[in-house]
Amino acid sequence: MNKLFETAQSIRAEALKMIHAAGSGHPGGSLSCADLLAALYFDELRVRPDRPDWPERDRFVLSKGHAAPAYYAALGLRGYFPREQFSSFRRLGGLLQGHPEVTTPGVDAPSGSLGMGLSQGLGMAHAARVCGRPTRVYVLLGDGDMEEGNTWEALMAAPHQGITRLVALLDANGLQGDGPVEAQMDYGPAPEKLAAFGWRVQEIDGHDLGEILDALAAAREAGDAPTFVVARTVKGKGVSFMEHDNGWHGSRGLTPGELETALEELEGSAR
Amino acid sequence: MTGQLAFWSPGEQVSLREAFGRVLCHLGETRSDFWLFDADVAGGTGAKPFADRFPGRVVQFGIAEQNMVAAAAGFAEGNCIPVVAGFASFLMMRAHEQFRTAVAYPGRNVKVCCSHVGVDVGPDGATAQMVEDLAVTRSIPNVTVVVPADANELMLAVPEVLDLDGPVYMRIGRSPAPVVFDRDHRFRIGRATVLADGRDAAIVATGTLVARAVSAAETLRREGVAVRVINLSTIKPLDRDTLLAAARDTGAIVTAEDHNRHGGMGGAVCEFLSQHHPVPVEVVGIDDRFGTSGEAEDLCRHFGLTAADLVAATRRVLARKP
């Protein structure tokens, strides 16, 4: 578990370095989902970084595409591409686009427009079913995804269509672009609504790696319904001056001093 | 054992959506690589015979087109071909972003086939009559846009559409339309066909306007005007050679489509010719208006899409020749 925590902190550090180098990006929502990404890429997913297009692999869709820095950090640390590529984030001709696109090794679906990720994951699960592949599909959503009608169409469809090897994880950090979710559009109470839609719902602390792994294991065991993990998280998690401060949602970079302080905090807690 | 695909005879009146159902059933017997994605409209799109015959190869989404199109992108990622059928307004317009970002951007092998297009839709009126679909599909990178002219060409086109590795938008049609091509017609994506030769002017038509263009050319021929008739069955990529030859040989082009005059096939032809061989062009289509209720044939008259309108447009373009 310590190793997984160190990995999550590395994902955070690399994400912030990427955003600093690029001069822009989305630090808050990258930090809030780093533990979920660490658990997925370093414990749960059956993938082969040496062969990103292995047909039988598990699929992962980052529906909240603005968390791309954390996603790229996880992929790079997992070995999909050299870490030197981190510096290409958001640059012309770079491997790492501002939001995920499928030419990046390991990226299974494009994103950056909220609300389309769960549907794409649903389609992947369908294909695996009709082809008899053991593939499981994981989709990471943000609060904003829950306000898009497209997401609720997918939530309605998956249980109706009998799709079971589909796991949605909600990085519920409670803050969206311009303010708190309760102020912009309160989509809750999520667990009750999702259960009513026919999903197997688990509510966890999205920064407790033990709870995350347990939830993923339980989802794997459950064969009767798709699973929705509501992960309560903190936007900006791991960097004291970013936590709960929506000024760090996106569009601003980090000064060298801010980056230095952030990396010291992350390294200190990982030690 | 699979039966022969039964074609219709030229001159018969057949809805293209009926041909769509027939060819899907036929292909369902011989290939197992495609599935029908439906949003509770299989009865309307013509796909119902396939759905009845191959219920295990239908993925039903209910009336939720955004989810259906984005799910089709994910399905295609797994090397299965989704044939997503619906009414253009509700499918291509509502799920346009899903088509653009989830399907076209990664180049997913998804086939979107829409039955209710243009004023050919008839009495349902403007909400169901999409007169913008060619504009909003051909402006998306990676997308191939196919518009069969009649029931027989549609049946020849569908296997080619399935064999093309990439996103395709195919325009079908609802109302009965005259069969133009016989079973020996050769359909190829990206290749237009010349139905009549002539060097005074050329009518470049697409979809159900092709039969009207043939009829207009016959009228003009009796008056001594030799009109080349071109069936532009692929709107993207354009058959540049055929268009260039028509512009060079005739120096006067009429385009004809059941679509808004803005952004459609006529626009595509003008974009190309204006840069490579500028000649006078008359764009026949719906004059930037919404559709309305009425029988399809009456609507064609109402919006100026008849053979007589094409004759008049040809006379106008001839008068503009330098």
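Values in this document were obtained by computation on a predicted structure and should not be read as measured data. (Residues numbered from 1 in each chain as written. Chains lettered and ligands numbered in written order. Predicted model: local features only at pLDDT ≥ 70, side-chain atom pairs only at ≥ 80, totals over all residues. Heavy atoms only, no water.)

Draft legend 1. Focus on the sheet that holds strand E11 (residues 227-231) of chain B. All names here are of chain B. Reading across from one edge, E9-E11-E10-E13-E14 is the order of the five strands in this open sheet, with mixed pairing throughout. At either margin of the open sheet sits one strand with a lone partner, and together these are strand E9 (193-196) and strand E14 (281-286). Averaged over all adjacent pairs, the angle separating strand axes in this sheet is 25 degrees, with direction ignored. With respect to the sheet, helix H11 (residues 265-276) is in contact with strand E10 (201-205), strand E13 (253-260) and E14, its orientation differing from that of E13 by roughly 140 degrees. (Pairing = 2+ DSSP bridges. Helix = DSSP H or I, 4+ residues; strand = E, 2+ residues; numbered from the N terminus. Axes fitted to C-alpha atoms, helices over the stretch in contact; angles between N-to-C directions. Contact = heavy atoms within 4.5 Å.)

Draft legend 2. How the structure looks around the sheet that holds strand E6 (residues 144-146) of chain B. Residue and element names in this part refer to chain B. Taken together, the seven strands give an open sheet; going across it, the order is E3-E2-E4-E5-E7-E6-E12, and neighbouring strands pair in mixed fashion. Only two strands of the sheet have a single partner each, and these edge strands are strand E3 (58-60) and strand E12 (234-236). Neighbouring strand axes in the sheet, compared pairwise and without regard to direction, differ in orientation by 20 degrees on average. Pairing of strand E2 (residues 34-38) with E3 involves three bridges; the strand directions are parallel. The residue of E3 that forms the bridge with Leu 36 is Val 58.

Draft legend 3. View of unusual backbone geometry. Pro189(A) follows Gly188(A) through a cis peptide bond whose omega is 0 degrees. In the segment running from Lys236(B) into Pro237(B), the intervening peptide bond is cis, with an omega of 0 degrees. With respect to the element layout, Pro237(B) can be found in the loop between E12 and helix H10 (240-250). A positive phi angle, near 65 degrees, is found at Asn79(B), a position not held by glycine. Structurally, the position occupied by Asn79(B) is in the loop between helix H4 (65-77) and strand E4 (81-86). Exposure remark for Asn79(B): the relative accessible area of 68% places this residue in the exposed category. (Buried < 20%, exposed > 50% of the residue type's maximum accessible area, 1.4 Å probe, protein only.)

Draft legend 4. Fine view of the confidence of the model for chain B. Confidence in the prediction of chain B, expressed as mean pLDDT, is 97, and 99% of residues score 70 or more. Listed scores for the predicted complex are pTM 0.97 and ipTM 0.97. (pLDDT = per-residue confidence, 0-100.)

Draft legend 5. Structural context of the interface of chain A and chain B. With 25 residues of chain A at the contact, the number on the chain B side is 23 residues. Both sides of the chain A and chain B interface together cover about 1,900 Å² of buried area, and 59% of this is carbon and sulfur. Three residues, Pro110(A), Met116(A) and Glu153(A), lead the burial of chain A against chain B; their summed loss comes to 25% of the area buried on that side. In this assembly, chain A and chain B are joined by two salt bridges. Its salt-bridge partner being Glu77(B), residue Arg59(A) comes within 2.8 Å of it at the nearest N-O pair. For the pair chain A and chain B, the number of links is eleven residue pairs in polar contact (both at pLDDT 80 or more). Mapped onto the side of chain A that touches chain B, the elements with two or more residues apiece are helix H5 (117-131) and helix H6 (149-160) of chain A. The element best represented in the side of chain A that touches chain B is H5(A), accounting for nine residues. (Buried area = accessible area lost by both parts, 1.4 Å probe. Salt bridge = Lys/Arg side-chain N within 4 Å of Asp/Glu carboxyl O. Polar contact = N/O pair within 3.5 Å; in protein donor to acceptor, adjacent residues only side chain to side chain.)

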